[in-house]
Amino acid sequence: MSRVISTGSIIVDLTVTVPAVPEPGGDVLASPLQALVGGGFNLAAAASRHGAHVVYAGVIGTGPYGQLASAALAAEGITRIPGAAATGDTGVCITLVDENAERTFITSPGAESRLAPEHLDAVRPQAADIVCVSGYDAVYEGSRNALTEWVMSLPLGTTIIFDPGPLVADIPEPVWNALLARTDVLTLNEQEAEKLTPGSVPAEQHFALRERLRLRPETATVIRRGSTGCTWRSNGAHGHVSAPRVVAVDTTGAGDTHTGTMAAALAEGFDLPTALRRANVAAADSVTRPGPATAPTREHLDSLLSPAEH
């Protein structure tokens, strides 16, 4: 059976809800602080809840935040690959959620940002597996070389999903080139696509993105477009996949839910448009609940889809 293997660094979100993000030098009263496991956990949890066998191949810290992360993985039934002992605690992300459900992040990396070759030595991806790679780890100086070399060593046929994330503009060009040479699905939101293709109109973004990054024809590009769904292009084929209308409460982790659900659906054998439909519905459902890892279970997701989409 195909597995979903994630290297995306797991952190703890320190989350507050605010009426608006304050201006520099300003202050604002917020809701009580919550400490919730997030980052790469959002993707792994979404894939696991969809029914995939998920393997986490990143680093977990040894302090109290690391203990929270370990407990969260165990509760979701996610397999951890044992590696060399981590140094220090898991990092945190200070998350501000405003009245429009939009979020602003400040990330303070920890042990998860130091992914060494020995952490990946025990991972043995097979040709049928889906490997999910995060842009955060492509930016971290302590992780990117080990991650890049490992991805380049994966067997042909292994499907690699690369989500560059908010730090898309900070990924060094050699790392981009190495990872994209093996990427099968590049997924990002429209703000991240705009950073890479400034000035391009939505109808031309896929062309501009593919030209800017010199992607292989068979590499699929997916641009997540919030409440309107997503668009995709690969090998000349393309399409728009709509999303259901919902009232958003908290959009934290919606992109990770989308990627994790897509990965699990591809591992199950769904084609890309069908996997994206499932991912859109899962992401839309996730934003109706507060918190970072709010992906629906497989049973709940199926209840939201037509019988033909199960």
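The structure this text deals with has already been given above.
Since this is a predicted model, take the numbers as computed values, not measurements.

Participant: Can you help me understand the sheet that holds strand β3 (residues 34-39) in this one?
Facilitator: What holds strands together in a sheet is hydrogen bonding between their backbones, with the strands either parallel or antiparallel. With mixed pairing, the four strands of this open sheet are ordered in space as β3-β2-β6-β7. Because the sheet does not close on itself, it has two edges, and the strands there are β3 and β7 (103-108). For this sheet the average axis-to-axis angle between neighbouring strands, irrespective of direction, equals 30°. Inspection of the sheet shows strand β2 (residues 10-17) paired to β3 by six bridges, in the antiparallel sense. Looking across to β3, one finds that Ile11 is bridged to Gly38.

Participant: What am I meant to see in the nonpolar core here?
Facilitator: The tendency in soluble globular proteins is for nonpolar side chains to be buried as a group. Within the largest apolar cluster, 37 residues are counted, with the highest numbers of intra-cluster contacts made by Val4, Ile10, Phe41, Ile130, Ile161, Met262 and Leu276. Elements supplying a minimum of two residues to this core: α1 (40-49), β4 (53-56), α2 (64-75), β8 (130-134), β11 (220-224), β12 (230-234), α9 (254-268) and α10 (272-286). Here the element with the most residues in this core is α9; it accounts for six residues. Discounting residues that sit within four places of it in the chain, Met262 has contacts with Ile161, Val185, Thr187, Leu272, Ala275, Leu276 and Ala279. The next biggest cluster of nonpolar side chains, apart from the first, holds 34 residues, and it includes Ile5, Phe162, Leu186 and Leu209.

Participant: Help me understand α2 in this model?
Facilitator: With twelve residues, α2 extends 17 Å between its outermost C-alpha atoms, agreeing within 8% with the 16 Å of an ideal straight helix rising 1.5 Å per residue. Residues of α2 that are buried: Gly66, Ala69, Ala72 and Leu73. When α2 is viewed along its axis, its buried side chains cluster within an angular range of 125° and face the same direction. In α2, the exposed positions that point more than 90 degrees away from the buried face belong to Pro64, Gln67, Ala74 and Ala75. Against the buried residues of α2 lie β2, β3, α1, β4 and β5 (79-80). Of the residues trailing α2, Gly77 is marked for its positive phi of about 70°.

Participant: In this structure, what is going on with the packing of aromatic side chains? I would like to understand it.
Facilitator: Under the criterion given, the structure shown has two aromatic pairs. Relative to Tyr140, the ring of Tyr136 lies with its centre 6.4 Å away and its plane at 40°, an arrangement referred to as tilted. With a centroid separation of 5.6 Å and 65° between ring planes, the pair formed by Phe162 and Trp176 is classed as edge-to-face. A residue pair is termed long-range when its members are at least 10 positions apart, and Phe162 in strand β9 (residues 159-163) and Trp176 in helix α6 (residues 173-180) qualify at 14 residues. The two residues Phe162 and Trp176 agree in class, both being buried.

Definitions and limits used
Residues numbered from 1 in each chain as written. Predicted model: local features only at pLDDT ≥ 70, side-chain atom pairs only at ≥ 80, totals over all residues. Heavy atoms only, no water. Pairing = 2+ DSSP bridges. Helix = DSSP H or I, 4+ residues; strand = E, 2+ residues; numbered from the N terminus. Axes fitted to C-alpha atoms, helices over the stretch in contact; angles between N-to-C directions. Core = buried A, V, L, I, M, F, W, Y, C linked by side-chain atoms within 4.5 Å. Buried < 20%, exposed > 50% of the residue type's maximum accessible area, 1.4 Å probe, protein only. Contact = heavy atoms within 4.5 Å. Expected span 1.5 Å × (residues − 1). Arc of directions from axis to C-beta. Phe/Tyr/Trp six-rings, centres within 6.5 Å; stacked < 30°, edge-to-face > 60°.

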